[in-house]
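The residues making up each chain are set out below.
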Amino acid sequence: MTGVSLKNVKKTYGATPVIHGVDIEIDKGEFVVFVGPSGCGKSTLLRMIAGLEEISSGDVFIGDRRVNDVDPSNRGVAMVFQTYALYPHMTVDQNMGFGLRMNGMPKAEVAQRVMQAAKILQIEELLDRKPRQLSGGQRQRVAIGRAIVRNPQVFLFDEPLSNLDAELRVATRLEIAKLHQQLAGSTMIYVTHDQVEAMTLANKIVVLRKGRVEQIGPPMELYDNPANMFVAGFIGSPRMNLITTGKGDGAGRAFPDGSALTLGGEAAGRAATLGVRADQITLVAPGAGAFDGRVSVVERLGDSEFVYVETGWGQELVVRVEGGTNTPVGHAVGLSLTGRTHFFDAEGQALSGVAVSAV
Ligand SMILES: Nc1ncnc2c1ncn2[C@@H]1O[C@H](COP(=O)(O)OP(=O)(O)OP(=O)(O)O)[C@@H](O)[C@H]1O
Ligand SMILES: [Mg+2]
């Protein structure tokens, strides 16, 4: 099996640059997820790897082979799209084997490969059906089956779950994770704008914004040590709370309502934004925390509750508490930043080694 490497890859449509020099190293057998907001260039990158889109400059390698000028059918990749695009008049069996038959593969071998893929995907009993007789999730499995039968070195998925309803999306996500385990060693590149999909599926996440890589790393690395404010806000649900702190007394700073906050290290004497996740804040009595607020909304999820607290400076922060806590709306509370905090400079880059007191 084979890895993929992108070296200073750029893409320009007419005079408009959309990918601004991207470097990504994907090891063989990795499950890499490209994630980012709509229009950031995820599909364009994937299509350049597949060969469906020309590379304006830079190089794409699949294994040791530079594939810039290699025909899509000779790159050893198979792509699964958001829309399944199955042939309506063909059965599942015929749909899955179509590409192989077109390539002149002997019938018996096609049948064997289709059966093997159907087993992996547990759709053996659907082989004689037409696409219209299938659910959305089953259709997407057939589309994945069409990729598996080609025995590709690299699987490329472009938002394969986004046409499915919420429940089916979770179930199919699990199946794709299992598929990666079963096809041990196969490299998978998966595009989504859903950070939960990225967190749950990836060995390695590539966060993209406006045609640039913001950060690359394992899911928990991005969650625990976001390199900048964009990644901090994008990865993790609910979003990380970001508080812009104002100038305090002396060398320190203060929360926007004037509550004390002293920062040392890289943050001393600079404009800084403090980031804290919902589960790193504790609700305490008014006056007993770093600052005070009032409960505006409580979302009950069963095992936990998201308590939204409006601060004295009018910002809404989210705090995660245990399920069944039943914090009343309108209640005055103090917020104690008991856990991990993050700091970002005026450009949004993470500051390290920030000592915090009075929080
Ligand atoms: N054929 C094209 N001609 C001109 N601009 C294009 C073309 N295809 C894509 N773009 C632009 O390139 C940028 C990246 O598009 P791309 O489809 O890669 O985004 P994406 O990250 O996949 O977004 P989404 O999550 O909405 O699918 C967008 O600004 C888009 O408008
Ligand atoms: Mg896209």
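In this text, all values refer to a predicted model and were calculated from it rather than measured experimentally. (Residues numbered from 1 in each chain as written. Chains lettered and ligands numbered in written order. Predicted model: local features only at pLDDT ≥ 70, side-chain atom pairs only at ≥ 80, totals over all residues. Heavy atoms only, no water.)

Colleague: Can you lay out the overall build of the protein for me, pointing to particular residues and giving the numbers?
Modeller: Counting its regular elements, the protein contains 8 helices and 22 strands. Within the span of the protein, comprising 359 residues, buried residues form 48% of the whole. Summarising the internal contacts of the protein: among those between residues at least 6 apart in sequence, 65% fall at separations of at least 24. Across the protein, the mean location of the 36 positive side-chain charges is 6 Å away from that of the 38 negative side-chain charges. (Helix = DSSP H or I, 4+ residues; strand = E, 2+ residues; numbered from the N terminus. Buried < 20%, exposed > 50% of the residue type's maximum accessible area, 1.4 Å probe, protein only. Contact = heavy atoms within 4.5 Å. Lys, Arg positive; Asp, Glu negative; His and termini not counted. Charge placed at Lys NZ, Arg CZ, Asp CG, Glu CD.)

Colleague: Residues and numbers for the UniProt feature "domain: ABC transporter" (unreviewed entry) in the protein, please.
Modeller: The feature "domain: ABC transporter" (unreviewed entry), as given by UniProt, occupies residues 4-235 in the numbering adopted here. Summarising residues 4-235: 36% helix, 26% strand, and an end-to-end C-alpha distance of 24 Å. (UniProt positions renumbered as here; feature names shortened; annotations may be inferred.)

Colleague: Please provide a residue-by-residue account of the pairing of strand S9 (residues 204-209), values included.
Modeller: In terms of burial, S9 is largely enclosed, as 5 of its 6 residues are buried. Here 4 bridges tie strand S3 (residues 31-35) to S9, and the two strands are oriented parallel to one another. If you follow Val 33 over to S9, its bridge partner there is Ile 205. Sheet topology places S9 next to strand S10 (residues 212-217); 5 bridges connect them, and they run antiparallel. Looking at the pairing, Val 206 lines up with Ile 216 of S10. Between S9 and S10, which pair antiparallel one after the other, the connecting turn spans 2 residues, and Lys 210 there sits at a positive phi close to 50°. (Pairing = 2+ DSSP bridges.)

Colleague: Residues and numbers for the site of ligand 1, please.
Modeller: Lining the immediate environment of ligand 1, one finds Tyr 13, Val 18, Pro 37, Ser 38, Gly 39, Cys 40, Gly 41, Lys 42, Ser 43, Thr 44 and Glu 159. Within the contact set of ligand 1, an oxygen atom lies 3.0 Å away from a backbone nitrogen or oxygen of Gly 41. Contact distances for ligand 1 include 2.8 Å between an oxygen atom and a side-chain N or O atom of Ser 43. Across the complex, the protein chains shield 56% of the 640 Å² of accessible surface that ligand 1 would expose by itself. Here the shell around ligand 1 gets 3 residues from one element, more than from any other, and that element is helix H1 (residues 42-50). Split into classes, the residues belonging to the shell around ligand 1 amount to 4 nonpolar, 5 polar and 2 charged. (Near = heavy atom within 4 Å. Polar contact = N/O pair within 3.5 Å; in protein donor to acceptor, adjacent residues only side chain to side chain. Areas by Shrake-Rupley, 256 points an atom, 1.4 Å probe, with all protein chains shown as cover. Nonpolar A, V, L, I, M, F, W, Y, C, P; charged D, E, K, R; others polar.)

Colleague: Break down unusual backbone geometry for me, citing the residues and quoting the values.
Modeller: The linkage connecting Ser 237 with the following residue, Pro 238, adopts the cis geometry, with an omega of 0°. Within the secondary structure, Pro 238 is located in the loop between helix H8 (229-234) and strand S11 (241-247). One non-glycine residue, Gln 122, lies in positive phi territory at about 55°. Along the chain, Gln 122 falls in the loop between helix H3 (107-121) and helix H4 (136-148).

Colleague: So what's going on with the layout of surface pockets? Which residues, and what values?
Modeller: Quantified by volume, the largest pocket comes out at close to 750 Å³. Taken together, 27 residues form the lining of the largest pocket, with Val 77, Ala 78, Met 79, Arg 146 and Arg 150 sitting closest to its centre. Mapped by element, the contributors of at least two residues to the lining of the largest pocket are strand S6 (77-80), helix H2 (92-102) and H4. By volume, the second largest pocket amounts to about 230 Å³. (1 Å grid on protein atoms, 1.4 Å probe; cavity = no way out; pocket = protein on both sides within 12 Å on 5 of 7 lines; lining within 4 Å. Points joined across faces, edges and corners; volume = space filled by probe spheres on them.)

Colleague: Residue-level account of the domain arrangement of the protein, with values.
Modeller: Assigned domains of the protein: these are domain 1 (4-234) and domain 2 (241-357). Listed per partner, the contact involves 9 residues of domain 1 and 10 residues of domain 2. Taking both partners together, domain 1 and domain 2 bury about 800 Å²; carbon and sulfur atoms supply 51% of that area. Summed over the shared surface of domain 1 and domain 2, the result is 0 salt bridges. Here domain 1 and domain 2 share 5 residue pairs in polar contact (both at pLDDT 80 or more) between them. Elements that contribute at least two residues to the side of domain 1 that touches domain 2 include exactly helix H7 (219-224) and H8. No other element matches the 3 residues that H7 contributes to the side of domain 1 that touches domain 2. Its residues placed into classes, the side of domain 1 that touches domain 2 shows 6 nonpolar, 2 polar and 1 charged. (Domains from an automatic or database assignment. Buried area = accessible area lost by both parts, 1.4 Å probe. Salt bridge = Lys/Arg side-chain N within 4 Å of Asp/Glu carboxyl O.)

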